[in-house]
Each structure stands twice: as C-alpha cells, then as structure tokens.
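Residue-level listing of the chains:
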Amino acid sequence: MPTNTALDSVEDAVRRRGGDLVELSHAIHAEPELAFAEHRSCAKTQALVAERGFEVTAGAGGLDTAFRADFGSGPLVIGVCAEYDALPEIGHACGHNIIAASAVGTALALAEVADELGLTVALVGTPAEEAGGGKALLLEAGTFDDVAAAVMLHPGPTDIAAARSLALSEVTVDYRGKESHAAVAPHLGVNAADAITVAQVAIGVLRQQLAPGQLVHGIVTNGGQAVNVIPGHAALQYAMRAAELDSLRELEGRMFACFAAGALATGCEYEISTPSPAYAELKPDRWLAEICREEMRRLGRDPVSPEFETALPMGSTDMGNVTQVLPGIHPVIGVDAGGATVHQRAFAAAAAGPSADRAVVDGAVMLARTVVHLAQDSAERDRVLAGVQRRAAP
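Residues numbered from 1 in each chain as written. Predicted model: local features only at pLDDT ≥ 70, side-chain atom pairs only at ≥ 80, totals over all residues. Heavy atoms only, no water.

- Per an unreviewed UniProt entry, the recorded name for the chain is Peptidase M20 domain-containing protein 2, and the organism is Mycobacterium ahvazicum.

1. What to know about the UniProt feature "domain: Peptidase M20 dimerisation" (unreviewed entry) in the chain
Alright, step 1. In this structure's numbering, the residues bearing the UniProt feature "domain: Peptidase M20 dimerisation" (unreviewed entry) are residues 170–260.
Alright, step 2. Measuring from the first to the last C-alpha atom of residues 170–260 gives 16 Å, for a span that is 34% helix and 27% strand. (UniProt positions renumbered as here; feature names shortened; annotations may be inferred. Helix = DSSP H or I, 4+ residues; strand = E, 2+ residues; numbered from the N terminus.)

2. Some remarks on the sheet that holds strand 2 (residues 67–71)
Alright, step 1. Read across the open sheet, the 6 strands follow the order 1-2-4-3-5-11; overall the sheet is mixed. Strands at the two margins of the open sheet, each flanked by one partner only, are strand 1 (55–58) and strand 11 (328–329).
Alright, step 2. Judged from the 3 bridges that link them, strand 3 (residues 76–82) and strand 5 (residues 149–151) form a sheet pairing that is parallel. Opposite isoleucine 78, over in strand 5, you have alanine 149 as the bridge partner. (Pairing = 2+ DSSP bridges.)

3. So, helix 13 (residues 354–376)
Alright, step 1. The first and last C-alpha atoms of helix 13 sit 33 Å apart over 23 residues, in line with the 33 Å expected at 1.5 Å per residue.
Alright, step 2. Counting buried residues in helix 13 gives 19 out of 23 residues, a clear majority hidden from the surface. (Expected span 1.5 Å × (residues − 1). Buried < 20%, exposed > 50% of the residue type's maximum accessible area, 1.4 Å probe, protein only.)

4. Considerations on the packing of aromatic side chains
Alright, step 1. Tallying each qualifying case throughout the model produces 5 aromatic pairs.
Alright, step 2. Geometrically, the ring pair formed by phenylalanine 67 and tyrosine 84 is stacked, given 6.5 Å between the ring centres and 10 degrees between the ring planes. Of this pair, phenylalanine 67 sits in strand 2 while tyrosine 84 is found in the loop between strand 3 and helix 4 (96–111), placing the two residues 17 residues apart along the sequence. Each member of the pair, phenylalanine 67 as well as tyrosine 84, is classed as buried.
Alright, step 3. Clustering of aromatic rings is evident, with ring pairs tying together Tyr238, Phe256 and Phe259. (Phe/Tyr/Trp six-rings, centres within 6.5 Å; stacked < 30°, edge-to-face > 60°.)

5. A short note on the packing of helix 7 (residues 192–206) against helix 8 (residues 245–266)
Alright, step 1. Two elements in contact, helix 7 and helix 8, have axes whose closest approach is 7 Å; the angle formed by their N-to-C orientations is 145 degrees. Remark: the crossing between helix 7 and helix 8 carries right-handed chirality. Between helix 7 and helix 8, the residues in contact are Asp194, Ala195, Val198, Ala199, Ala202, Ile203 and Leu206 and Arg254, Met255, Cys258, Phe259, Ala261, Gly262, Ala263, Ala265 and Thr266, respectively.
Alright, step 2. Per-class residue counts for the contact of helix 7 with helix 8 are 12 nonpolar, 2 polar and 2 charged. (Axes fitted to C-alpha atoms, helices over the stretch in contact; angles between N-to-C directions. Left-handed = near helix turned anticlockwise from the far one by under 90°. Contact = heavy atoms within 4.5 Å. Nonpolar A, V, L, I, M, F, W, Y, C, P; charged D, E, K, R; others polar.)

6. Examining the pairing of strand 4 (residues 119–125)
Alright, step 1. Within strand 4, 7 of the 7 residues are buried, which leaves it mostly tucked inside the rest of the structure.
Alright, step 2. Alternating residues of strand 4 divide into Leu119, Val121, Leu123 and Gly125 and Thr120, Ala122 and Val124, and every residue in both groups is buried.
Alright, step 3. Pairing of strand 2 with strand 4 involves 5 bridges; the strand directions are antiparallel. From the neighbouring strand, phenylalanine 67 faces strand 4, where its bridge partner is glycine 125.

7. Examining the domain arrangement of the chain
Alright, step 1. Splitting the chain by domain gives domain 1 (6–164 + 279–392) and domain 2 (167–273).
Alright, step 2. Of the roughly 520 Å² buried at the junction of domain 1 and domain 2 (both faces included), carbon and sulfur atoms supply 46%.
Alright, step 3. Considering only the surface of domain 1 that becomes buried against domain 2, Tyr279, Glu281 and Ser316 emerge as the three largest contributors, covering 78% of it.
Alright, step 4. At the boundary of domain 1 with domain 2, the tally comes to 0 salt bridges.
Alright, step 5. Joining domain 1 to domain 2, the criterion identifies 3 residue pairs in polar contact (both at pLDDT 80 or more). (Domains from an automatic or database assignment. Buried area = accessible area lost by both parts, 1.4 Å probe. Salt bridge = Lys/Arg side-chain N within 4 Å of Asp/Glu carboxyl O. Polar contact = N/O pair within 3.5 Å; in protein donor to acceptor, adjacent residues only side chain to side chain.)

8. Re the environment of valine 342
Alright, step 1. With respect to the helices and strands, valine 342 occurs in the loop between strand 12 (332–334) and helix 12 (345–350).
Alright, step 2. Owing to a relative accessible area of 26%, valine 342 belongs among the partly exposed residues under this scheme.
Alright, step 3. Sequence separation of valine 342 and cysteine 94 is 248 residues, and the distance between their C-alpha atoms is 4.9 Å.
Alright, step 4. With residues near it in sequence (within four places) discarded, valine 342 still touches Ala93, Cys94, His154, Pro155, Gly156 and Phe347.

9. Some words on the nonpolar core
Alright, step 1. In this structure, Val49, Phe54, Ile78, Val104, Leu110, Leu119 and Leu123 are the most contacted members of the largest nonpolar core, which totals 70 residues.
Alright, step 2. With 24 residues, the next largest nonpolar core counts Val173, Leu210, Ala234 and Leu236 among its residues. (Core = buried A, V, L, I, M, F, W, Y, C linked by side-chain atoms within 4.5 Å.)

10. Overview of the pattern of salt bridges
Alright, step 1. Applying the stated criterion across every chain, the model contains 24 salt bridges.
Alright, step 2. A salt bridge links arginine 52 to glutamate 112; the nearest nitrogen and oxygen atoms lie 3.1 Å apart. Taken together, the residues arginine 52 in helix 3 (residues 39–52) and glutamate 112 in the loop between helix 4 and helix 5 (114–117) connect sequence positions 60 residues apart.
Alright, step 3. Among the residues examined, arginine 52 registers a relative accessible area of 29% and is labelled partly exposed.
Alright, step 4. In this structure glutamate 112 comes out as partly exposed when scored by relative accessible area, which is 39%.
Alright, step 5. With a closest N to O distance of 3.1 Å, aspartate 159 and arginine 301 form a salt bridge.

11. Some details on the side chain of threonine 317
Alright, step 1. Tracing the chain through its elements places threonine 317 in the loop between helix 10 (306–309) and helix 11 (319–325).
Alright, step 2. A relative accessible area of 3% means that threonine 317 is categorised as buried.
Alright, step 3. A distance of 3.0 Å separates a polar side-chain atom of threonine 317 from the backbone nitrogen of methionine 319.
Alright, step 4. Filtering out sequence-adjacent residues up to four positions away, threonine 317 remains in contact with Glu83, Glu129, Ser165, Tyr279, Ala280, Leu282 and His330.

Here it is as structure tokens:
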C-alpha cells in the first residue's frame, strides 16, 4: 500500500502552489488560441515546471506548440497531458485552461516524490485537441514511446472517473462545377452548391438508419460568393462519430456514398480530404480509473456510478488514441456552469470561475495521488512497465 507520506506530500505540494495554478488557468483563459497556434498558452504552461527544474524539450514531435518537460530519472515514466487550445469565437468553452493548469499541478507534485518513487515525470504539452489531433501526431512521432501510463482530466458538468468517448473522423468535401450567369445562362453552369444540397438530403435520409452510437454533423464552408453567379465551387466539412473505430469506418463508407451522390446528380467533380487523424474511442485503464474514483470521493466529489458511465453522452478526444496504446485515464471533473455544458458560451465564462478554480486544484490532487498509488503497488507498477517492454519489442 502507498505510504501516507507520499500521498500527503503530493497533495501538500498542489495546495501550496494552488494560487500559481489558478493564476495559470486564468492567464490561459484570458488569451484563447486556436489549434496549432497556441504559442502563448504553450509558453505559459511550461513556465512553472521550467522554474522547478524540469528539462523542457520544445517542439516535441515536430509540432511548434507541443513540448515535453521531464523531471526525475526513475524507470516508471508517467505522462501527464496538458491541453491548451481554444475554440473559434467561444474561447475556452471546453475548459482547456483547467486541463493545462491541473496537469502542471500534477507534474509539480509528482516531482516532489520522483526520487522516492522511482519516477520520471513527463509533462506533455499537447496542442490541437479540438481540431488537428495533436496527441495522435505525438503518438506517431514517438513522444509516448517510453511512457508507462498517461493521465489527464477534462472539465464537464459532472464528475466521471472512467469517462468514455466516441471515435471521430473529419472530412472536407470540395465540389467543382462551372460558373455561369444565374439569369442569362444558368443552363451553361454546373452548380456546385446543388451538389451540397443533394449530399445533405442523402445524409438526412441516412440518419434514420444510423447504428446506435453513430452520429454525423457538419457545416457548409463555401456555398458560393454571389447570388447572380452559379457557384462553380462549394465545400462541406463533416464530422462522423461512432462508439468504436470499426463502426466509424462503416459509417465513413456510407457517408462517402452520400458525398458521391451530390457529384453524380449535378455533374460536379469532387474531392474528399482528411484534415486530421481519426480519434479513437477512450479506453480507460480499469485499475487507474477505480483509484481515481476513490480519490474523487475522498475530495468530497460524487462521481457517477460505473453503471451509468457508458450511457453518458460524450464527445471525442485524441486522448483516445493514447489509451488504445498504453494505460491511461481521462476523468471528467465537475464544474458548476449553471446548467451549461462544454462548447457553450456560459461554460467558457464558468471556466475561470470559483468552481473551475477548485477543479484545477482538486484535479491535480486526484491525478497525483492516483499516480502515487500506481507507483507503490508492485503488481500494477510491473504491469504498466511490462507494457512498455512489449511495445518496444520488434
């Protein structure tokens, strides 16, 4: 069993730095930055750990706004993931400022016991979760190769220890037709906007036959430029989600047929492109999730029961890709937003409020203590270390 000393040490470390962590959360919140452009937020997230003596590697995985900051030299490498990208127009309505600050708090706390517990603490700055798949790119680049287990949290309306998510892929569809005067010679045009209409009607009909857990949603990014010109170019952006990757691939096939229908019906040419890697579904490590659940309760929180976790509506995250490869957790920590949920303006406002500030500190405490439990449970420690060796085997 973990010693009370180590558990107390990490909690005390978080609470001592609580003011700094909340200040960091507010600073990131005040200057929201979009995917792959989080230069100020990335720098802010590194600052406290750099002062503590972490060795910072900028541009991790070849991404300008990613980093990895390491402390300690123990064989058990723990990845702590920090997100800091925001959403267009509505800023930190997903609360990534809370994620970054709590991750920094977790890393600082674990640094206090790294030598004692044989840890290497790796704070990983992961850009572009909202669009771009930063963690998927870092995973492919080898940033997580030596990591035995990865932890992070996400704010939301309620506490969830073993949070799940949906697999996701996004596409852009470009239709190319032929411009013509809409009144003088419409018959000489090939209407790319009509291709979008046909595709969206087909998608609307498809929705009745979608399998449980499958979702589609999209926007028109270009529907023409002038009402008196037959649009020669039009474009869609669509996201597809499913309970797991296999179901997602089946859904993609059906959606691609809808996109093709638009081109066939109108005589347009079309091209489908993928702007970012697909997101796999979260696969929370059962043991880590149960320890995290106990830590939530110890802090006076009330996580939903395991029976209801899989039924809760969730979005998608590139942390799913990480948890498909190595043990990890992505719990949700509750923030009181007056009934609002993530991706709403009211949640953006709440992400710098008192409940969010408590979430920063509580989140760092519960993640740090969860890692201490892992480090001092010999069977579980051996399990996650064995996973690193298996992944490294030729």
